[in-house]
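Here's the letter readout for the chains.
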Amino acid sequence: MNQPIRWFTFAAPSRFYALVNALNPWLWAIALLLAIAALYIGFLVAPTDATQGDSYRIIFIHVPAAWMSMVLYLAMAFWAAIGWMFNARMASMLARALAPTGALFTFLALWTGSFWGKPTWGTWWVWDARLTSELILLFLYLGFIALVSSIDDMVRGDKAGAVLALVGVINIPIIYFSVRWWNTLHQGATISMTAAPKMAQTMLLAMLLMTFAFWAYAFAVVFTRAQALALEREHDAEWVRALRTKGKELQ
Amino acid sequence: MIWSSWGDFWHMGGYGLYVWGAYAMCLVAMLAEPWAARRHRQQALRASARHERVQ
């Protein structure tokens, strides 16, 4: 039998919950294996950089974290908008679940960038267009989290969050193109769609493997948080009751 | 092999503090977040049970 997968069924929190339980062990395994491979290549295979010495090895987490910070914001705004337009509860929950992970990756991009900037630029921080717009991204995430959690009415909170998230999307192209639009201390794009990568194959491989590891990690942790939010919102639903009975049996 | 000893590895060509400072924060954050998310889920399940008893 070759039945097509009906994706919309996963919009029901109960089905979403079960799907995540099946997916997450795999996502964690993939994240761990890819991270180990990335670290192995990044620290034991990739050679020392001719100009930056070994300080460049921060790139293997810095660039993936910065990419994730932007991609997760777009995902958050997308699901917040879907939740708003179609009144889809799971979509709004996903948007809320994405925010803390996005904030964390933004913080990590800033932190690792700071630890890379000190030895190479001689300063932990500079009010450069790239760094400043990334800091604004962190404030957008924190603002979204504060806003949605400050409104008791769930649906109104989701709507207010969607408005904030959508307005904030303007910051994403600003971050991305900041190194081109302004004269920044931050270097240009490491990888672009149009030009050949400006880095050694092994370095590029380690960075890409770490990016996929971060992707798997983000999916797993966001899904877990979305499960928690679904349980909170639907605490008196039949599927949650069934889940509790099952939990008691297992103990 | 790039590194001749463990000491050499941790030293990172003089950039040990920066490289390991960046990686350590990344590791701590990426262990703490899943832990917090799982705890959140557990508490949500427990809270739903409390809610049932109240009813």
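Quick summary incoming for the structure in this document. (Residues numbered from 1 in each chain as written. Chains lettered and ligands numbered in written order. Predicted model: local features only at pLDDT ≥ 70, side-chain atom pairs only at ≥ 80, totals over all residues. Heavy atoms only, no water.)

### Here we look at the interface of chain B and chain A
Our working definition: Should any heavy atoms of two residues lie within 4.5 Å, those residues are considered in contact. Whenever a carboxyl oxygen of Asp or Glu lies within 4 Å of a side-chain nitrogen of Lys or Arg, that contact is scored as a salt bridge. Pairs of N or O atoms are called polar contacts if they sit within 3.5 Å, as long as, within protein, a hydrogen donor faces a hydrogen acceptor (for residues adjacent in sequence, only side-chain-to-side-chain pairs). Secondary structure elements follow DSSP: runs of H or I no shorter than four residues count as helices, runs of E no shorter than two count as strands, and numbering proceeds from the N terminus.
With 31 residues of chain B at the contact, the number on the chain A side is 46 residues. Joining chain B to chain A, the criterion identifies one salt bridge. Linking B:Glu33 and A:Arg225 is a salt bridge whose minimum nitrogen-to-oxygen distance equals 2.6 Å. Run the count over chain B and chain A and you get nine residue pairs in polar contact (both at pLDDT 80 or more). Broken down by element, the side of chain B that touches chain A gets its largest block of residues, 23 residues, from helix α2 (residues 16-54) of chain B.

### Overview of the side chain of A:Thr211
Topologically, A:Thr211 is positioned in helix α7 (residues 201-233). Sequence-distant contacts of A:Thr211, defined by excluding residues within four places in its chain, comprise A:Pro64 and A:Trp67.

### Regarding the packing of aromatic side chains
All names here are of chain A. Test applied: When two rings of Phe, Tyr or Trp (its six-membered ring) have centres within 6.5 Å they constitute a pair, described as stacked for plane angles under 30 degrees, edge-to-face for angles over 60, and tilted for the intermediate range. Between buried and exposed lies partly exposed: a residue is buried under 20% and exposed over 50% of the maximum accessible area for its type, with that area taken using a 1.4 Å probe on protein chains only.
Under the defined criterion, the tally for this structure stands at 28 aromatic pairs over all chains. Aromatic side chains Trp28 and Tyr217 sit 5.7 Å apart centroid to centroid with 75° between the ring planes, which places their arrangement in the edge-to-face category. Remark: Tyr217 occurs in helix α7 and Trp28 occurs in helix α1 (residues 13-45); sequence separation between them is 189 residues. Among the residues examined, Trp28 registers a relative accessible area of 26% and is labelled partly exposed. Since its relative accessible area comes to 3%, Tyr217 is described here as buried. On the basis of an interplanar angle of 25° and a centroid distance of 5.4 Å, the ring pair of Phe177 and Trp181 is categorised as stacked. With a gap of four residues between them, Phe177 and Trp181 both fall in helix α6 (residues 171-181), about one helical turn apart. With a relative accessible area of 26%, Phe177 lands in the partly exposed category. Note on Trp181: relative accessible area 52%, which makes it exposed.

### Here we look at the nonpolar core
Test applied: Put simply, a nonpolar core is a bunch of buried Ala, Val, Leu, Ile, Met, Phe, Trp, Tyr and Cys residues held in one set by side-chain atoms that sit within 4.5 Å of each other.
Grouped together as the largest cluster of nonpolar side chains are 87 residues, with contacts concentrated most on A:Phe60, A:Tyr73, A:Met76, A:Phe105 and A:Phe214. Looking at this core, the element that brings in the most residues is α7(A), giving 19 residues. Discounting residues that sit within four places of it in the chain, A:Phe214 has contacts with A:Ile61, A:Pro64, A:Ala65, A:Met68, A:Phe105, B:Cys26 and B:Met30.

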